[in-house]
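Inside the fold
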Amino acid sequence: HQIMKRKASLILIPLFLLMSLSGCIRYSFTGVAIPAEVRSIYIPFFPDNSTSGLPYLSDDLTEALINRFVNQSRLNLVSNRDQADAILEGVIISYQNSPFSVAGDQRANLNRVNIGVRASFKFTRETQPEWDKTFSGVFEFDPNEDPIDGERNAVLEAMNRVAQNMFTDALGSW
């Protein structure tokens, strides 16, 4: 009977210690490691400085980032930096829609949308950002099928790639 009690205590004590320290340990949701004390993120509007002329770029990127950071992690979106544990901010710096593949008749059969975004990610308790760098998202479409919707869908896909790369870099560095 005494041996059983000792074995149980040898199992229960380390388990209790592990559970009591869990607040200090990083844990993961969907493969994303987030420190326990980081609960909220502020993602302000990303202005479009690309001279693209497309009115929806900023909205598309901001929406893609919010969807990625809020829907694929346990972080809550807050409306100002004073409430946030982390801040992701930046600006769209470039936009290109150019021929990528040319057919025998010298017409483009694929165009490539390439979007560049300069961004930084920072914990509010730190003075320096975790990173400050440029991301790019690329996607091809057939301009002969539907040039307007094709470009629009390519923009959305490119923005989703930018958002995914920022998400991976921000949460992968934790």
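Higher on the page you've got the structure.
Residues numbered from 1 in each chain as written. Predicted model: local features only at pLDDT ≥ 70, side-chain atom pairs only at ≥ 80, totals over all residues. Heavy atoms only, no water.

What to know about the overall build of the protein
Looking only at helices and strands, the protein features three helices and seven strands. Helices (α) and strands (β) of the protein occur, in sequence order from the N terminus, as α-β-β-β-α-β-β-β-β-α. Every one of the 174 residues in the protein was classed for burial, and the buried ones make up 36%. Within the protein, contacts between residues separated by at least 24 positions form 67% of all contacts whose residues are at least 6 apart in sequence. For the protein, the exposed area adds up to about 10300 Å²; of that, 53% sits on carbon and sulfur atoms. (Helix = DSSP H or I, 4+ residues; strand = E, 2+ residues; numbered from the N terminus. Buried < 20%, exposed > 50% of the residue type's maximum accessible area, 1.4 Å probe, protein only. Contact = heavy atoms within 4.5 Å. Areas by Shrake-Rupley, 256 points an atom, 1.4 Å probe, with all protein chains shown as cover.)

Points about the nonpolar core
F46, L65, F69, L88, I115, V155 and M166 are the most contacted members of the largest nonpolar core, which has 36 residues in total. Those elements that place two or more of their residues in this core are α2 (57-71), β5 (86-102), β6 (108-123), β7 (131-141) and α3 (147-172). Those residues in contact with F46 that sit more than four places away from it in its chain are S58, L61, T62, L65, L88, E89, G90, V91, I92, V117, A119 and M166. (Core = buried A, V, L, I, M, F, W, Y, C linked by side-chain atoms within 4.5 Å.)

Structural notes on α2
Taking 1.5 Å of rise per residue, 15 residues should cover 21 Å, and α2 covers 21 Å from first to last C-alpha, within 8% of that figure. Taken together, the buried positions of α2 are occupied by L57, S58, D60, L61, T62, A64, L65, R68 and F69. (Expected span 1.5 Å × (residues − 1).)

Observations regarding the packing of aromatic side chains
Describing an aromatic ring pair means giving the distance of the ring centres and the angle of the ring planes. A full pass over the atoms with the stated rule returns four aromatic pairs. With 5.2 Å between their ring centres and 85° between their planes, F69 and F167 make a pair best called edge-to-face. Here the residue F69 occupies a position in helix α2, and F167 occupies one in helix α3, the gap between them amounting to 98 residues. Classification of F69 as buried rests on a relative accessible area of 0%. One aromatic cluster is present, formed by F121, F123, W131 and F135 through successive ring pairs. (Phe/Tyr/Trp six-rings, centres within 6.5 Å; stacked < 30°, edge-to-face > 60°.)

A look at the side chain of S50
In this fold, S50 is placed in the loop between β3 (40-42) and α2. At 2.5 Å, the side chain of S50 and the side chain of D48 are in polar contact. Side-chain polar atoms of S50 contact the backbone nitrogen of S52, separated by 3.2 Å. Sequence-distant contacts of S50, defined by excluding residues within four places in its chain, comprise L57, I92, I93, S94 and Y95. (Polar contact = N/O pair within 3.5 Å; in protein donor to acceptor, adjacent residues only side chain to side chain.)

Digging into the pattern of salt bridges
Under the defined criterion, the tally for this structure stands at seven salt bridges. R81 serves as the salt-bridge partner of E89, at 2.8 Å between the closest nitrogen and oxygen. Via salt bridges that share partners, E37, R125 and E126 belong to a single interconnected network. (Salt bridge = Lys/Arg side-chain N within 4 Å of Asp/Glu carboxyl O.)

Some details on the packing of α2 against α3
Where α2 contacts α3, the axes come no closer than 9 Å and their chain directions differ by 40°. One element, α2, and the other, α3, form an angle in the oblique class. Our pair here, α2 against α3, has a crossing hand that is right-handed. Where α2 abuts α3, its residues L57, D60, L61, A64, L65, R68 and F69 lie against R152, V155, L156, M159, N160, V162, A163, Q164, M166, F167, A170 and L171. Counted by class, the contact of α2 with α3 contains 14 nonpolar, two polar and three charged residues. (Axes fitted to C-alpha atoms, helices over the stretch in contact; angles between N-to-C directions. Parallel < 35°, antiparallel > 145°, perpendicular 65-115°, else oblique. Left-handed = near helix turned anticlockwise from the far one by under 90°. Nonpolar A, V, L, I, M, F, W, Y, C, P; charged D, E, K, R; others polar.)

A few points about α3
Compared with an ideal rise of 1.5 Å per residue, which puts 26 residues at 38 Å, α3 spans 36 Å between its outermost C-alpha atoms and is within 8% of the ideal. For α3, the full list of buried residues reads G150, E151, A154, V155, A158, M159, V162, A163, M166, F167, A170 and L171.

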